[in-house]
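A look at the structure
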Amino acid sequence: MLSLYVDLALGLVVAFLLLSLLVSGLNEAFVRVLAIRSKFLWAYLRDTLDGADEKGSWLPAKIIDVFKSLPFVRDPRPAHSDLPSPAKPGKLPETKTGDSMMNLLYERVREIDHGKRGRTSIATLPPARFSVAVMEMAAAQGDGGIEHFLRRLQQIDSPLHGPLKGVWESAQGDLDRFRQGVETWFDGEMQRLSLLYKRYVKWVVAVLGVVVTLLFSMDGLEYAKTLLRDNAFRASVTAVAGSGADAYEELKTRCTGGDPMPCVTETLSRPALVKMMDGALVSITIPAQGDPSVHWNGGAWWDRISTPSHWPGFLLTYVALLFGAPFWWDVFRRVTGIKPRR
C-alpha cells in the first residue's frame, strides 16, 4: 500500500513537472519575443536619466501595463546603431530634452549591443560599465570636473543628479571613490529592478498557469484517480525509483547528452502526457504505424471546463503550477534518488 501511494505521488510530480516546464517555456517565449527584459532596463534608465515624460513613468505602474503598455504601446529602448562608440562623448544640452541623457549613455555602451527589429537588445548593463560611462560623460562636459557635471544635470532637471550628488559628497572629492560609489549604487539599483521584474513576471506566470490548466483541462484529482488504476504507468515509475542511488547513472545511460531531464520526459512522462492530452482542446494520436493525427476536442473540452465537479481539480493543478518547474524537478529528484551534478 505504501508503494502504491509513492507511485501515485511520483505520477503527480511528473505531470506537474511537465506542465510547469510548458508554463516556463511559454513565459520565456513571451519575454523573448516581446523583449521584456530589455524594455524593463531601458524604461528604468529613461526614468533615472531623463525622468518621466508627459505620460508618466516609463516603468509599468500596473499589472496591465506589463501586458499592454510596455510590450506594445511605449517602447523605451533607443534606436540601434551599428556605429562604434564615439571617441569623445557628446555634451549635455542647455535645456531639458526628452531623451538626451539616455542617448549619451547609449553612445557609451553600444559596443555591447546588437540590433533587434531596429532597437537595442541590451537587457543587462554591468555596473562597472555604467560607472565608466558616467565618468566619460562627466569628463566631456568641460574642465569643471564632477561638480560642473552635477550642475549641468541639475540644470536639465535630470533625476540622476540627486544620486550622483550623494555619491560625490560621500567620495569627498576622490574620483576613484566616486567611480566605485557609482558602481555600487547602480548595482543596488539593478538588484531592486530585478526584484520588481520578478514580481511582475510572477503575474505573467500566473496568467499562463491558468491558460495551460484550462487548455489541457487538467483535473489533478481526476488524474490522481487515473494513476491509481494505471498499472503500466506505476510499473514504469517503480522501475526507475527502485534503482535508488544508481538512478542518476541509469538515466544518463538512457538519455542522450548525459542530462537526466530529457529522460524524465522520454521514459516517464509519455503515459502521463497521453492521459493529460485526453482532455486537451486538441489531442494528438501517434500510432505504432502510420502518421500522427490531430483531433479537435472542442465539444468534450468545453463539457469538462463547464462541469463544476472538475473545478477543484483544476484549482489543484493551477496551484501546483505556481510552484514552478524547478520545485517539481527538485521534488522528483529527491523522491527518486537522483543526485545533483557537482
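Residues numbered from 1 in each chain as written. Predicted model: local features only at pLDDT ≥ 70, side-chain atom pairs only at ≥ 80, totals over all residues. Heavy atoms only, no water.

As for the overall build of the protein chain
On a plain count of helices and strands, the protein chain comes out with 16 helices and 4 strands. Counting over 342 residues, the protein chain shows a buried share of 44%. Sequence separation of at least 24 residues holds for 69% of the intrachain contacts in the protein chain that already meet a minimum separation of 6. Approximately 17900 Å² of the protein chain is accessible, and the part contributed by carbon and sulfur atoms is 60%. (Helix = DSSP H or I, 4+ residues; strand = E, 2+ residues; numbered from the N terminus. Buried < 20%, exposed > 50% of the residue type's maximum accessible area, 1.4 Å probe, protein only. Contact = heavy atoms within 4.5 Å. Areas by Shrake-Rupley, 256 points an atom, 1.4 Å probe, with all protein chains shown as cover.)

Here's the deal with the packing of aromatic side chains
Using the criterion set out here, one finds 13 aromatic pairs in the structure. Measuring from ring centre to ring centre gives 6.2 Å for Phe-130 and Trp-185, while their planes differ by 45°; the resulting arrangement is tilted. In this pair, Phe-130 is assigned in helix 6 (residues 127-139) and Trp-185 in helix 9 (residues 175-215), connecting sequence segments 55 residues apart. On the basis of relative accessible area, Phe-130 is assigned to the buried category, the value being 2%. An angle of 25° between the planes, with centres 5.9 Å apart, marks the rings of Trp-329 and Phe-332 as stacked. In this pair, Trp-329 and Phe-332 both sit in helix 16 (residues 325-336), 3 residues apart, roughly one turn of the helix. (Phe/Tyr/Trp six-rings, centres within 6.5 Å; stacked < 30°, edge-to-face > 60°.)

Structural notes on helix 14 (residues 298-305)
For helix 14, the full list of buried residues reads Gly-298, Trp-301, Arg-304 and Ile-305. Buried residues in helix 14, looked at end-on, bunch into an arc of 130°, giving them a common side. Buried residues along helix 14 sit against helix 9, helix 10 (220-229), strand 4 (293-296) and helix 15 (311-322). (Arc of directions from axis to C-beta.)

Overview of the packing of helix 5 (residues 100-109) against helix 6
Direction vectors running N to C along helix 5 and helix 6 enclose 115°, while the axes themselves pass 10 Å from each other. When the interaxial angle is binned, helix 5 and helix 6 end up roughly perpendicular. For the crossing formed where helix 5 meets helix 6, the hand is right-handed. Counting all contacts with helix 5, which are made through Met-101, Leu-104, Leu-105, Arg-108 and Val-109, the residues of helix 6 involved are Arg-129, Phe-130, Ala-133, Glu-136 and Met-137. For the contact of helix 5 with helix 6, the residue count by class is 7 nonpolar, no polar and 3 charged. (Axes fitted to C-alpha atoms, helices over the stretch in contact; angles between N-to-C directions. Parallel < 35°, antiparallel > 145°, perpendicular 65-115°, else oblique. Left-handed = near helix turned anticlockwise from the far one by under 90°. Nonpolar A, V, L, I, M, F, W, Y, C, P; charged D, E, K, R; others polar.)

Here we look at a nonpolar patch on the surface
On the surface, a cluster of nonpolar side chains totalling about 370 Å² of accessible area is made up of Leu-315, Val-319, Phe-323 and Phe-327. Tracing the backbone shows Phe-323 in the loop between helix 15 and helix 16. (Patch = residues over 30% accessible without salt bridge, like charges linked within 9 Å, V, L, I, M, F, W, Y side chains within 5 Å. Salt bridge = Lys/Arg side-chain N within 4 Å of Asp/Glu carboxyl O.)

Concerning the pattern of salt bridges
Tallied over the full model, the rule gives 12 salt bridges. Linking Arg-108 and Glu-136 is a salt bridge whose minimum nitrogen-to-oxygen distance equals 2.9 Å. Placement of the pair is Arg-108 in helix 5 and Glu-136 in helix 6, with a sequence separation of 28 residues. Close ionic contact of Glu-183 with Arg-179 constitutes a salt bridge, the shortest N to O distance being 3.6 Å. You can see Glu-183 and its partner Arg-179 sitting in helix 9, 4 residues apart, about one turn around the helix.

Notes on the confidence of the model for the protein chain
On average, residues of the protein chain score 80 in pLDDT, and 80% of them are at 70 or above. Confidence drops under a pLDDT of 50 for residues 240-248, and excluding neighbours within four residues, the segment shows 18 contacts in the predicted structure. (pLDDT = per-residue confidence, 0-100.)

Re the environment of Ile-122
With respect to the helices and strands, Ile-122 occurs in the loop between strand 2 (119-120) and helix 6. Along the primary structure Ile-122 and Arg-77 are separated by 45 residues, whereas in three dimensions their C-alpha atoms are 8.9 Å apart. If near-sequence neighbours (up to four positions away) are discounted, Ile-122 is found in contact with Ser-38, Leu-41, Trp-42, Tyr-106, Val-109, Ile-112 and Asp-113.

Description of helix 9
The first and last C-alpha atoms of helix 9 sit 58 Å apart over 41 residues, in line with the 60 Å expected at 1.5 Å per residue. Sitting at the head of helix 9, Asp-174 places a side-chain oxygen 2.9 Å from the backbone nitrogen of Asp-176. (Expected span 1.5 Å × (residues − 1). Polar contact = N/O pair within 3.5 Å; in protein donor to acceptor, adjacent residues only side chain to side chain.)

With respect to the environment of Leu-125
Along the chain, Leu-125 turns up in the loop between strand 2 and helix 6. With 62 residues separating them in the primary sequence, Leu-125 and Asp-187 have C-alpha atoms 9.5 Å apart.

Some remarks on unusual backbone geometry
Phi at Ala-35 is positive, roughly 55°, even though this residue is not glycine. Within the secondary structure, Ala-35 sits in the loop between helix 1 (2-33) and helix 2 (36-49).

With respect to the nonpolar core
By size, the foremost hydrophobic cluster in this structure holds 74 residues, and its most contacted members are Phe-40, Leu-45 and Leu-164. Sort the elements by how many residues they give to this core and helix 9 lands first, with 13 residues. In this structure Leu-45 touches Asp-50, Leu-105, Leu-125 and Phe-186, once residues within four positions along its chain are discounted. (Core = buried A, V, L, I, M, F, W, Y, C linked by side-chain atoms within 4.5 Å.)

Observations concerning the environment of Arg-152
On the secondary structure map, Arg-152 appears in helix 7 (residues 145-155). With 11 residues separating them in the primary sequence, Arg-152 and Gln-141 have C-alpha atoms 8.4 Å apart. For Arg-152, the contacting residues outside a window of four places in its chain are Leu-92, Pro-93, Glu-94 and Gln-141. Polar side-chain contacts of Arg-152 include one of 2.9 Å to the backbone oxygen of Pro-93.

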